[in-house]
Amino acid sequence: MQNAEMAHAAASGQALPFCILHSAFCLMSALDHHHGGVASPVHRMPAALKLAMALGIIVGTVTVPWHFRGWFVGVAVVLALAAVLSRISPLFLLKRLLLLSPFVLGVALVNAFQPAAQGSWLVVAVRSGLCLLTVILVSNTTPFSKLLRVLTRLRVPGLLITTIALLHRYLFVLVDEAERMRRARLSRTFTRRRRARWQALATVVGQLFVRASERAERIYDAMCARGWK
Amino acid sequence: MSAAIEVTDLRYRYHDGTEALRGVTLRVEPGECVALLGPNGSGKSTLLLHLNGLLPEETRPDGAVKVLGQPIVRQNLENIRRRVGLLFQDPDDQLFCPTVEEDVAFGPQQLGLDDAEIEARVRDALERVGLPGFGRRATHHLSHGEKRRVCLAGVLACEPSVLVLDEPTSDLDPRGRREFKALLRRIPATKLIATHDLELAVELCSRAIVLDHGLVVADGPTLDLLDDEPLMLEHGLERPHILRHRHPH
């Protein structure tokens, strides 16, 4: 639905700034989980085990020298197996991968044009692709609260966990708020002048910041009201 | 016996210079259910924040606000917050945990209860608000009415003796409003309810206090105040329809 909305926005000649803002929010809301109601073997695996395996795969994939091809093939097979078992649609995984890869592809592209590093763009792309897929699989088969519980058991400082939990919780509120502001702006945007639209964007972003910081104060009050020390 | 809430000549000015409270004096007895009425910006929310020691930012040792006989000063802030449950206007401000059960458990955890007791309280609180089995749901995927009720469960789990509610029925559909009112009626705690829902005031509260421009402008039996049309209109309120259709015989 979001994609359709985006396409519609682009087709109706909506200005670039709002398209950028909108894609940023789509990206953020895409972080929401996809595991609603599914109970595959991968979903049922203990979160701690999944997290440990993911960490192992990522550290290995980043550090193992490129000529140990067996490792990369092995990881790819494991991930493919997990993807099939998790019953998440391949198209969904591919979309997520593309959504997250522009940064990596950028680096790979720069590498591709360096004469000294023949073929290293492939190495970068494979390594990062495998890492991203691992993260996508873990995060889409494990509820966020379970991941946090694993971190708590690992004695990660409480303040850090609270911060991550709040970040995750309010990301969605912020996205909704930005979306409402965007719609309200659009309903009163009559000009085709680009400059005016960029200015409008600046106002929305500024306003969002102010609202977020005021909300943060209210949340802190609400936490204090229930005995936060 | 000391009053549940006792406010004496309370004044408060926000940083930007807005004078929100200009000498509020009121008293709520234990077990009472009182409606706090008044137009937007009359100081209702500001007053409610004071009852939990959230305002002023620098606690003053002046004792203008006393809850259950104790002045709100820094030394007994924890004790006050444990006994006064505050329901915020925007449920998204109040539900700050990823899942419902974690959010309801937040207060009891702060009280230092053991896990079994916390679990029992969470289950009990969710049942009381009519959401049994909602524990594992993500807080950001609830409907507005469900969020409200989870907020209330989070407050009830702390077992407060005074309940302070900021517009508990705003943004709820008629059924949600009706159910929420029924829920509030079943809670035995002393209640102070800031609201624009005049029917709620009539149905739940025997007494009402009208606040305007940071001052108490009327205080008395709910029906008498709401029936006084000039008073209602002067302070941005109106005589509710249910009173228009009531016959004196």
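Residue numbers restart at each chain and count upward from 1, following the sequence in its written direction. Whichever chain is written first is A, and whichever ligand is written first is 1; the rest continue in order. Side-chain atom pairs in this predicted model are given and counted only at pLDDT of 80 or more, local residue features only at pLDDT of at least 70, and totals for whole chains, interfaces and linings cover all residues.

A. Layout of the overall build of chain B. Scanning chain B for helices and strands turns up 11 helices and 10 strands. Values of the radius of gyration come from C-alpha atoms, whereas the globule rule sets the reference at 2.2 Å times the count of residues to the power 0.38. Its C-alpha radius of gyration of 18 Å places chain B within 12% of the 18 Å reference for a compact globule of 249 residues. With respect to the principal axes defined by its C-alpha atoms, chain B has extents near 55 × 45 × 40 Å. Any residue whose C-beta has 12 or fewer other C-beta atoms within 10 Å is treated as exposed, any with 20 or more as buried, and any in between as partly exposed, C-beta atoms being built from the backbone. Buried residues in chain B amount to 45% of all 249 residues. The contacts of chain B with a sequence gap of at least 6 include a subset with a gap of at least 24, amounting to 65%. Counting from the N terminus, the helices are the DSSP runs of H or I reaching at least four residues and the strands are the DSSP runs of E reaching at least two. Any residue pair is listed as a contact if its two C-beta atoms, each placed from the backbone, are within 7 Å.

B. Highlighting the overall build of chain A. In terms of regular secondary structure, chain A is built from 11 helices and 0 strands. Ordered by position from N to C terminus, the α and β elements of chain A give α-α-α-α-α-α-α-α-α-α-α. Looking at chain A as a whole, 15% of its 229 residues qualify as buried. For chain A, restricting intrachain contacts to residue pairs at least 6 apart in sequence, the fraction spanning at least 24 positions comes to 74%.

C. Representation of the interface of chain B and chain A within the structure. Counting residues at the interface gives 24 residues for chain B, matched by 21 residues for chain A. Elements supplying a minimum of two residues to the side of chain B that touches chain A: helix H2 (77-83), helix H3 (91-94) and helix H4 (100-110) of chain B. Among the elements that make up the side of chain B that touches chain A, the one with the highest residue count is H4(B) (4 residues). All residues other than Ala, Val, Leu, Ile, Met, Phe, Trp, Tyr, Cys, Pro, Asp, Glu, Lys and Arg, Gly among them, are scored as polar; the first ten of these are nonpolar and the last four charged. Across the side of chain B that touches chain A, the residue classes break down as 10 nonpolar, 8 polar and 6 charged.

D. Quick look at the sheet that holds strand E2 (residues 19-28) of chain B. All names here are of chain B. Think of it this way: DSSP has to see at least two bridges between two strands before they count as a pair. If you walk across this open sheet you meet the 4 strands as E2-E1-E4-E5, and the pairing is antiparallel. The sheet is open, and its two edges are formed by E2 and strand E5 (70-71), each paired on a single side. Where strand E4 (residues 65-67) lies against E5, 2 bridges are found, and the strand directions are antiparallel. Within the sheet, the bridge partner assigned to Lys-66 lies in E5 and is Pro-71.

E. Just helix H6 (residues 144-156) of chain B, in detail. All names here are of chain B. For a helix, the expected span equals 1.5 Å multiplied by the residue count minus one. End to end, H6 covers 18 Å across 13 residues, agreeing with the expected 18 Å (1.5 Å per residue, within 8%). By the criterion of burial, H6 is predominantly enclosed, with 10 of the 13 residues buried. Those residues of H6 that fall on the buried side of the exposure criterion are Lys-147, Arg-148, Arg-149, Val-150, Cys-151, Leu-152, Ala-153, Gly-154, Val-155 and Leu-156. Residues of H6 that are buried sit in contact with strand E6 (84-87), H3, H4, helix H5 (115-128), strand E7 (162-166) and helix H7 (174-186).

F. Looking closely at the confidence of the model for chain B. Per-residue pLDDT for chain B averages 90, and the proportion of residues at 70 or more is 96%. For this predicted complex, the interface score ipTM comes out at 0.74, while the overall pTM is 0.74. Each residue carries a pLDDT score, the predictor's own confidence in it, on a scale running from 0 to 100.

G. Broad picture of the packing of helix H5 (residues 69-86) of chain A against helix H8 (residues 120-141) of chain A. Residue and element names in this part refer to chain A. At a minimum axis separation of 11 Å, H5 and H8 run at an interaxial angle of 30°. Viewed along their axes, H5 and H8 adopt a mutual orientation that is roughly parallel. As for the relative orientation of H5 and H8, their crossing is left-handed in sense. Across from Phe-72, Val-75, Ala-76, Leu-79, Ala-82, Ala-83 and Ser-86 in H5, the residues of H8 making contact are Val-126, Leu-130, Leu-133, Thr-134, Leu-137 and Thr-141. Of the residues assigned to the contact of H5 with H8, the class counts are 10 nonpolar, 3 polar and no charged. Only C-alpha atoms enter the line fits that serve as axes; for helices the fit covers just the stretch in contact. Angles between N-to-C directions range over 0 to 180 degrees. What sets the label is the angle itself: under 35 degrees gives roughly parallel, over 145 gives roughly antiparallel, 65 to 115 gives roughly perpendicular, and the rest give oblique. Less than a right angle of anticlockwise turn of the near helix away from the far helix marks a crossing as left-handed, whereas a clockwise turn marks it as right-handed.

H. How the structure looks around the pairing of strand E10 (residues 215-221) of chain B. All names here are of chain B. With 6 bridges joining them, strand E9 (residues 207-212) and E10 adopt antiparallel strand pairing. Note on E10: the bridge partner recorded for Ala-208 is Gly-220. Counting the residues that bridge the hairpin from E9 to E10 gives 2 residues, and of these His-213 lies at a positive phi of roughly 50°.

I. Quick look at the packing of helix H4 (residues 47-63) of chain A against helix H9 (residues 144-153) of chain A. All names here are of chain A. One can describe the packing of H4 onto H9 by two numbers: an axis separation of 9 Å at closest approach and a directional angle of 80°. As the angle between them shows, H4 and H9 are arranged roughly perpendicular. Between H4, through Ala-47, Ala-48 and Leu-51, and H9, the contact on the second element is made entirely by Lys-146, Leu-147 and Val-150. Of the residues that constitute the contact of H4 with H9, the class distribution is 5 nonpolar, no polar and 1 charged.

J. Here's a closer look at unusual backbone geometry. All names here are of chain B. A positive phi angle is found at Glu-167, which is not glycine, with a value near 45°. Position of Glu-167 relative to the elements: it lies in the loop between E7 and H7. If you check the backbone angles, Asp-171 has positive phi at about 70° while not being a glycine. Note that Asp-171 resides in the loop between E7 and H7.

K. Inspection of H4(A) at higher detail. All names here are of chain A. Over its 17 residues, H4 extends 24 Å from the first C-alpha to the last, a length consistent with the 24 Å expected when each residue adds 1.5 Å. Buried residues of H4: Ala-47, Lys-50, Ile-57 and Thr-61, and no others. On an axial view of H4, the arc spanned by its buried residues comes to 95°, and they lie on one face. Facing away from the buried side of H4 by more than 90 degrees, the exposed set consists of Leu-49, Leu-55, Gly-56, Val-59 and Thr-63. Of the surrounding secondary structure, the elements contacted by the buried residues of H4 are H5, H8 and H9. Directions drawn from the helix axis to the C-beta atoms are what define this arc.

L. Focus on the nonpolar core. Any nonpolar core is a set of buried residues, restricted to Ala, Val, Leu, Ile, Met, Phe, Trp, Tyr and Cys, that join up through C-beta atoms within 7 Å. Membership of the largest hydrophobic core comes to 74 residues, with the highest contact counts inside it found for Val34(B), Leu36(B), Val104(B), Ala153(B), Val164(B) and Ala208(B). In terms of residue count, H6(B) provides more of this core than any other element does, 6 residues in total. The contacts of Val104(B), once residues within four sequence positions are left out, are Val122(B), Ala125(B), Leu126(B), Val150(B), Ala153(B), Gly154(B) and Ala157(B). By size, the runner-up hydrophobic cluster in this structure holds 11 residues, among which are Ile57(A), Val75(A), Ala83(A) and Leu137(A).

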